[in-house]
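Listed here are the chains, written in short residue letters.
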Amino acid sequence: MFLILKKEVFAPDTFLWEVAAPEIADAAEAGQFAMVRLKEGGERIPLTIADFDRERGTVTLVVKVVGRSTEEMATYSAGERFLDFIGPLGAPTQVKGKNHIVLVGGGLGVAPLYPILRSFKELGSGTTTILGFRTRNQIFWEERFRLLSNQLLVMTEDGSYGRHGTTIDALRFILSGEVPVDEVMTVGPIGMMQAVAEVTRPLKIPTFASMNSIMVDGIGMCGSCRITVEGKVLFACVDGPDMDAHKVDFEELKVRQNRFKKEEIASLKKYRGECALKKEGRIF
Amino acid sequence: MERRSKTILRQKVAMPEAPALERRNGFQEVSLGYTPELAKVEADRCLLCKKPLCVPGCPVAIDIPGFIRQLSDGNLPAAYEILKRSNPLPAVCGRVCPQETQCEVKCVMGRKGEPVAIGRLERFVGDWGVAHGAAEEVEARLTGKKVAIVGSGPAGIACAQDLARAGVAVTIYEALHEVGGVLVYGIPPFRLPRKIVNQEIEGLKRLGVRIERNKVIGKIFTIEQLLHTKGFDAVFIGTGAGLPKFMGIPGEHLNGVMSANEFLTRVNLMHGYEKADTPIGMGDSVIVIGAGNTALDAARTALRMGAKEVTIVYRRTEKESPARLEELRHATEEGIQFCWLTQPVRLHGDVNGSVVAMECLRMELGEPDLSGRRSPRPVTGSEFRIQADTVIYALGTVANPIIARSTPCLKVNQQGYLEIDPQTQMTSIPGVFAGGDIVTGSATVILALGAGRRAAQGILQYLGLSREEERGEGHGLTMPAVSRAG
Ligand SMILES: Cc1cc2nc3c(=O)[nH]c(=O)nc-3n(C[C@H](O)[C@H](O)[C@H](O)COP(=O)(O)OP(=O)(O)OC[C@H]3O[C@@H](n4cnc5c(N)ncnc54)[C@H](O)[C@@H]3O)c2cc1C
Ligand SMILES: Cc1cc2nc3c(=O)[nH]c(=O)nc-3n(C[C@H](O)[C@H](O)[C@H](O)COP(=O)(O)OP(=O)(O)OC[C@H]3O[C@@H](n4cnc5c(N)ncnc54)[C@H](O)[C@@H]3O)c2cc1C
Ligand code: SF4
Ligand code: SF4
Ligand code: FES
């Protein structure tokens, strides 16, 4: 069992867990992920390692509630324990010393950029960070990013905070500026990562995106997470999650993300039904 | 000893089975096993040959007449003892071993009738052992040596058992949350009940073996760390085969197309058969491509998960199908359709990106080639479509890259499988041994068990612990070295 040391709620649908997991913290590198299994019969939920602290032996996850399992995760509080925690998984982000790198994070994708930013900083790279949120109350970790970024742009789609616009607007702005950019790294919704790739493609700036295709085992056995990269089948859990964004077939990925829509909706309904019955004391 | 009445039964004693229409709706075991009476009748068919032909057919050289004699005499503990001496998992192998092409095909009784049902007898005795908790509790003198085993499939289990018996402190690291490898995530419970695997694992724990689940070696610890910081004297790698193969035909990315590994993992490992949280993604009409064990398991599982139609598509004929005869018979009884000599060429999808049909070509067998094999070739203009909302690929696997990528000095062959010394199972790194599917590619449970045992001997030798006097006593040392299996 793994102990949740801290829980922080960022927005109604977004929360952070800090988990005691010294062995995972020790081995983790920026860009890797872990899997949470809450209880017997539970799913293996892949989640990016949003931060790790080797000294304190902790791993941080930032989670957005999108369905049954993440909704159930949200019911856990600090001090509670969950069943299985598997990680680190996937290949670390290739962090090489660069003159200047641009990091583009959208929504939840902001969290996993943090250890990547820190690694680039440690190697002395210049960094521009672009963080995009829908609206003001979704923003988190602005200060953490500001401390490590040479330049930080916070964007909101409704203009309620920072600059009005999308991360893509900000990226275009940065790329049209003076500073030559060696590499772009992006984590966020598929549509956003695809748009980032389209902006950098004509400029031939190497661009990497973190793939969140649907996983089961996460250790390269089942093939659920396969994606097509330059016509070749690759597996996000062992060959990724980072992939060359100019080569990924994003259209296909979008379709494959909806593979289980019907079952996911049914499962959420059933779960909510059971929760309601439990509240009413009709099942235990 | 002269034995046997004058009339020897020509045929095997049939094993009771659950009726096809009943069993296809659930995950209870299909073959029900012999009763003690049936086992006795079958055991009495064995001639107890002085020079048994069956034994060399068994990859771990079980003393087959030895255990059958004890079974005939009603001495089950002794029969079990003999089995366990060579085979760490008799109740498992009695169920899943391809007996008909190994021990049984060689049995003299097969010349005039059916061979002795060695597998069924092994299962009977194995089940007796499991039910009676007869797994030994050896008081091995501890040697002070520590060995790490990576992977808890048959290869890892076999290696762990022999090392623990020899007084080595063993820790198994398993990547998944359940222990047993393919025995729990691949082979479905209607062929191998979970209870059997779990009880064998309990036996291992009684021997003092520690098992750490959810630890992916190469990620949380590297092989090098196991040896140099974690203080293990040797490491055994039994990580099994890996990533599923696809064909590269158009439409494979469509929703509803998945590998048998994925489907079986969702149902078995994630307990989809008990309606756990992980979705299955299966529709009403299922096509399975391939005709090996994995394909049949996927097809029969699909049926049990409620598919209305399940069709197996294979480019060769039934004769070339690598699946066991018994499995083919069971599948047919349960209502699975077979399209032999059929080659998929393209998958068609709908506007939502979900598969709706598979386009195929009919094949015919050509003239025999130099090896005498008639290979299939397409019949021109024979395109036809099969309607399907789920397509499952069972075309085998390629090597899992995690260990090799994280262990720079480890030699692998062109396919990515680990290179070993076939006598000791040692890899290119001193003190690091390997066996099972990660060495041979997908093979069988019994070959993995054999490899695990050979590696245990190799490790004991490497650690200076192998005892001369045990040599040749059927403790695995007489076992033939097996390299790549097909
Ligand atoms: C490498 C990786 C890193 C991720 N990192 C994070 C993270 O840091 N924070 C976060 O909130 N989410 C992350 N996700 C996504 C997260 O795993 C899914 O949101 C979660 O599994 C949804 O489960 P659910 O039951 O709540 O929702 P469901 O209703 O089951 O699914 C909602 C949607 O989530 C996606 N999804 C569902 N199951 C899976 C699965 N097994 N694997 C991947 N995606 C799935 C699908 O697109 C689905 O339509 C990551 C996914 C991957 C693969
Ligand atoms: C569906 C199916 C049906 C089959 N049916 C039969 C049959 O009827 N008869 C038969 O004889 N054979 C059958 N086989 C083949 C047989 O199961 C395998 O040959 C055998 O299990 C191989 O054993 P193994 O120990 O090498 O590997 P596996 O059983 O694959 O076990 C390997 C274990 O290592 C773990 N692992 C992998 N990587 C790591 C890592 N980095 N760190 C820690 N742990 C790791 C895996 O999670 C797994 O638990 C079947 C296979 C399948 C897939
Ligand atoms: S282990 Fe397999 S091959 Fe050996 S005797 Fe048993 S069934 Fe036959
Ligand atoms: S060859 Fe057949 S009859 Fe002879 S010992 Fe083996 S099983 Fe018995
Ligand atoms: S999640 Fe199974 S292979 Fe990647």
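Quick notes on the rules
- Residues numbered from 1 in each chain as written.
- Chains lettered and ligands numbered in written order.
- Predicted model: local features only at pLDDT ≥ 70, side-chain atom pairs only at ≥ 80, totals over all residues.
- Heavy atoms only, no water.
- Helix = DSSP H or I, 4+ residues; strand = E, 2+ residues; numbered from the N terminus.
- Rg over C-alpha atoms; globule rule 2.2 N^0.38 Å.
- Buried < 20%, exposed > 50% of the residue type's maximum accessible area, 1.4 Å probe, protein only.
- Contact = heavy atoms within 4.5 Å.
- Areas by Shrake-Rupley, 256 points an atom, 1.4 Å probe, with all protein chains shown as cover.
- Lys, Arg positive; Asp, Glu negative; His and termini not counted.
- Charge placed at Lys NZ, Arg CZ, Asp CG, Glu CD.
- Pairing = 2+ DSSP bridges.
- Domains from an automatic or database assignment.
- Buried area = accessible area lost by both parts, 1.4 Å probe.
- Salt bridge = Lys/Arg side-chain N within 4 Å of Asp/Glu carboxyl O.
- Polar contact = N/O pair within 3.5 Å; in protein donor to acceptor, adjacent residues only side chain to side chain.
- Nonpolar A, V, L, I, M, F, W, Y, C, P; charged D, E, K, R; others polar.

A word on the overall build of chain A. Across its full length, chain A holds nine helices and 17 strands. A compact globule built from 284 residues would reach a C-alpha radius of gyration of about 19 Å, and chain A, at 19 Å, matches this within 12%. For chain A, the spread of C-alpha atoms along the principal axes amounts to about 65 × 40 × 40 Å. By the burial criterion, 57% of the 284 residues in chain A qualify as buried. If you take every contact in chain A between residues at least 6 apart in sequence, the share linking residues at least 24 apart comes to 65%. With the model as given, the accessible surface of chain A reaches about 12,100 Å², and the carbon-plus-sulfur share is 52%. The average position of the 36 basic charges and that of the 37 acidic charges among the side chains of chain A differ by 4 Å.

What follows deals with the pairing of strand β9 (residues 342–349) of chain B. All names here are of chain B. Alignment of β9 against strand β10 (residues 355–368), held across seven bridges, turns out to be antiparallel. Within β10, the residue paired with G349 across the bridge is V355. If you look at the hairpin formed by β9 and β10, you'll find five residues sitting between the two strands, and G353 has a positive phi there, around 80 degrees.

Residues and elements named next belong to chain B. The domain architecture assigned to chain B consists of domain 1 (20–131), domain 2 (146–242 + 399–470) and domain 3 (246–396). Here domain 1 and domain 3 have C-alpha centroids that lie 32 Å from each other. With 15 residues of domain 1 at the interface, the matching set in domain 3 holds 13 residues. Counting each side, the surface lost to burial between domain 1 and domain 3 is near 1,200 Å², with a carbon and sulfur contribution of 46%. The largest share of the area that domain 1 buries against domain 3 comes from R23, R24 and F27, three residues that together contribute 54% of it. For the pair domain 1 and domain 3, the number of links is three salt bridges. With a shortest N-O distance of 2.7 Å, R23 and E334 are connected by a salt bridge. Applying the counting rule to domain 1 against domain 3 returns ten residue pairs in polar contact (both at pLDDT 80 or more). Among the elements of the structure, α1 (20–23) and α6 (90–96) are those that each provide at least two residues to the side of domain 1 that touches domain 3. In the side of domain 1 that touches domain 3, the residues fall into six nonpolar, four polar and five charged.

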